[in-house]
Amino acid sequence: MNAETIQAGILGLAVGDALGVPVEFKSRQELDRNPVQGMRSGGSHGQPAGTWSDDSSMALCLLESLTGGLDYQDMMTRFLRWAEEGYLTARGETFDMGMATRKALVKFAQGAPALECGGKQEFDNGNGSLMRILPLALYLRAQMGPDFPANPRAYEIIHNASRLTHAHPISLICCGVYCAAANAMAADGDLQALHDAVEQAKAFYRASDLAPWLERFQQTDVGTLAVMPRDMMESGGYALHTLEAALWCLLHTENFQDCALAAVNLGQDTDTTAAVAGGLAGLRYGLSSIPGPWLETLAKERQIRRMCRQFAQSLGL
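Residues numbered from 1 in each chain as written. Predicted model: local features only at pLDDT ≥ 70, side-chain atom pairs only at ≥ 80, totals over all residues. Heavy atoms only, no water.

*Asks:* I tried to follow the environment of Ala83 on my own but got confused; where do I start?
*Replies:* For Ala83, the position within the fold is in helix 4 (residues 72-85). For Ala83, a relative accessible area of 25% puts it in the partly exposed group. Placed eleven residues apart in sequence, Ala83 and Thr94 show a C-alpha to C-alpha distance of 6.3 Å. Discounting residues that sit within four places of it in the chain, Ala83 has contacts with Thr94, Met97 and Leu105. (Helix = DSSP H or I, 4+ residues; strand = E, 2+ residues; numbered from the N terminus. Buried < 20%, exposed > 50% of the residue type's maximum accessible area, 1.4 Å probe, protein only. Contact = heavy atoms within 4.5 Å.)

Next up, the structure:
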């Protein structure tokens, strides 16, 4: 892994997010009639083309925090600045925030410890921690080596980062599986490597106290998703559905552009599905695979690149 790998993943996430922002909440049927084919303006949030949302803002907050080391209190402090000040937003405005994230940040602002802020109920399993977790996968790969998904300490760190806003076991497992998948893609992995990574993560959870929740992840399997038809994929805001949809898009396409557009055009939570899928696709296909016009349109693209380089430098890459 090098600085360009980091840029590929983070810019892939932000580009996917920006592609999805104008059509967030639109149905699959609406998008089948008028599919997204590139950057758009206006739409659901009335934003200029290339504007990214909370997905990228929170991922960039995490990236910047990890540049200074692992500090959960610092992560939450940056998330709160994003919510209150528009810090690390595309255009100085916070225009999208999940309910579970909002509740967690209110608790933190009122003095609750960072690791005790996340919701623990089953209805708290929105995709708000999954959407931002990618920088941590890159951090752990640099700190622990490419085999970090075999290290129990890695899962402890991943779970803690999720617990800041989403503390239910389903969210924790989603983040763990996604980080393992991202690690495989950062290693120039093929689809067999993706399969092995997902199974390695699930094997860890089978041996953990989270094992009872794995029955919810029965179709979170590369072989199953590879043959699943599009009309069976869910693309709302539930963390498990977002994880499966992102993996499905990666399995059913052969380049970054097609993967990101497949994710957006599933409809509903378009920005997050495409951000989660775009991060994986950026890692798999590389920085040069992201269409130049999309990068040129992306808000604060140079700042994102600079943050990625600073992050890489802090990791000795």
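Okay, back to it.
*Asks:* How should the nonpolar core be read in this particular structure?
*Replies:* Here is a general trend for soluble globular proteins: nonpolar side chains tend to be buried in one another's company. One finds Ile10, Val15, Leu136 and Ile304 to be the most contacted residues of the largest nonpolar core, which totals 115 residues. Looking at this core, the element that brings in the most residues is helix 8 (residues 169-186), giving 14 residues. When sequence neighbours within four positions are dropped, the list of residues in contact with Ile304 reads Ile10, Leu11, Ala14, Trp52, Leu60, Leu298 and Ala299. (Core = buried A, V, L, I, M, F, W, Y, C linked by side-chain atoms within 4.5 Å.)

*Asks:* Could you clarify how one ought to interpret the pattern of salt bridges in this entry?
*Replies:* Oppositely charged side chains can pair when the atoms bearing their charge come close. If you walk through the whole model with that rule in mind, you get nine salt bridges. Where Arg78 meets Asp74, a salt bridge forms, and the shortest distance between an N and an O atom there is 2.7 Å. Note that Arg78 and Asp74 are positioned in helix 4 at a spacing of four residues, about one turn of the helix. Arg78 gets classed as buried once you look at its relative accessible area, which sits at 18%. Glu199 serves as the salt-bridge partner of Arg206, at 3.9 Å between the closest nitrogen and oxygen. Of the residues examined, Glu199 reaches a relative accessible area of 21% and is grouped as partly exposed. Via salt bridges that share partners, Glu64, Asp74 and Arg78 belong to a single interconnected network. (Salt bridge = Lys/Arg side-chain N within 4 Å of Asp/Glu carboxyl O.)

*Asks:* Can you help me understand the layout of surface pockets in this one?
*Replies:* Gaps between atoms show up when a probe of the same size as a water molecule is rolled over them. Counted as a void, the largest pocket has a volume near 280 Å³. Lining the largest pocket we find 21 residues, and of these Asp54, Gly98, Asn127, Gly237 and Asp269 sit closest to its centre. Those elements that place two or more of their residues in the lining of the largest pocket are helix 3 (54-67), helix 5 (99-109) and helix 13 (270-285). The element that contributes the greatest number of residues to the lining of the largest pocket is helix 5, accounting for three residues. Of the residues contributing to the lining of the largest pocket, the split by class is six nonpolar, nine polar and six charged. Roughly 160 Å³ of internal volume is contained in the second largest pocket. Secondary structure elements with two or more residues in the lining of the second largest pocket: helix 7 (152-163), helix 8 and helix 9 (191-206). Here the lining of the second largest pocket gets six residues from one element, more than from any other, and that element is helix 7. (1 Å grid on protein atoms, 1.4 Å probe; cavity = no way out; pocket = protein on both sides within 12 Å on 5 of 7 lines; lining within 4 Å. Points joined across faces, edges and corners; volume = space filled by probe spheres on them. Nonpolar A, V, L, I, M, F, W, Y, C, P; charged D, E, K, R; others polar.)

*Asks:* Would you explain unusual backbone geometry in this entry?
*Replies:* Both trends apply: most residues other than glycine have a negative phi, and most peptide bonds are in trans. Non-glycine residue Leu88 carries a positive phi angle of around 55°. The class for Leu88 is buried, based on a relative accessible area of 9%. With a phi close to 55°, Lys300 is a non-glycine residue in the positive phi region. Residue placement: Lys300 occurs in the loop between helix 14 (292-297) and helix 15 (301-314). Judged by relative accessible area, which is 36%, Lys300 ranks as partly exposed.

*Asks:* Looking at this structure, I do not really get the state of the cysteines. What am I missing?
*Replies:* Summed over the entire model, instances satisfying the criterion amount to zero disulfides. With no disulfide partner, Cys61 has as its closest neighbouring cysteine sulfur the one in Cys308, 14 Å distant. The cysteine Cys259 is free of any disulfide, with Cys249 supplying the nearest cysteine sulfur at 5.5 Å. (Disulfide = S-S within 2.5 Å.)

*Asks:* I keep staring at the side chain of Glu24 and nothing clicks. Help me out?
*Replies:* As for its placement among the helices and strands, Glu24 is situated in the loop between helix 1 (3-20) and helix 2 (28-33). The buried charged residue Glu24 lacks any salt bridge partner; its closest oppositely charged side chain belongs to Lys26, at an N-O distance of 11 Å. Reaching out from Glu24, the side chain makes a polar contact with the side chain of His45 at a distance of 2.6 Å. (Lys, Arg positive; Asp, Glu negative; His and termini not counted. Polar contact = N/O pair within 3.5 Å; in protein donor to acceptor, adjacent residues only side chain to side chain.)

*Asks:* What's the story with empty space enclosed by the protein in this structure? I'm lost.
*Replies:* Applying the stated criterion to the full structure yields one cavity of 30 Å³ or more. Roughly 40 Å³ of internal volume is contained in the largest cavity. In terms of lining residues, the largest cavity is bounded by Trp52, Ser53, Asp54, Ser57, Trp82, Thr89, Ala90, Glu93, Thr94, Phe95 and Asp96. Partitioning the lining of the largest cavity into residue classes produces four nonpolar, four polar and three charged.

*Asks:* Please clarify how the side chain of Thr5 should be interpreted in this entry.
*Replies:* Residue placement: Thr5 occurs in helix 1. Setting aside anything within four residues of it in sequence, one finds Thr5 in contact with Ala186 and Leu283.

*Asks:* I keep staring at the packing of helix 4 against helix 5 and nothing clicks. Help me out?
*Replies:* Axis angle and axis distance: for two packed helices, these are the angle between their axes and the distance between the axes, and together they describe the pair. Contact geometry for helix 4 and helix 5: axes closest at 10 Å, N-to-C directions at 110°. The angle between helix 4 and helix 5 falls in the class roughly perpendicular. Helix-helix and strand crossings are classified by hand; for helix 4 and helix 5 the assignment is left-handed. Side by side, helix 4 and helix 5 meet where Gln73, Met76, Thr77, Phe79, Leu80, Trp82 and Ala83 of the first sit next to Thr101, Ala104, Leu105, Phe108 and Ala109 of the second. Class assignment for the residues of the contact of helix 4 with helix 5 results in nine nonpolar, three polar and no charged. (Axes fitted to C-alpha atoms, helices over the stretch in contact; angles between N-to-C directions. Parallel < 35°, antiparallel > 145°, perpendicular 65-115°, else oblique. Left-handed = near helix turned anticlockwise from the far one by under 90°.)

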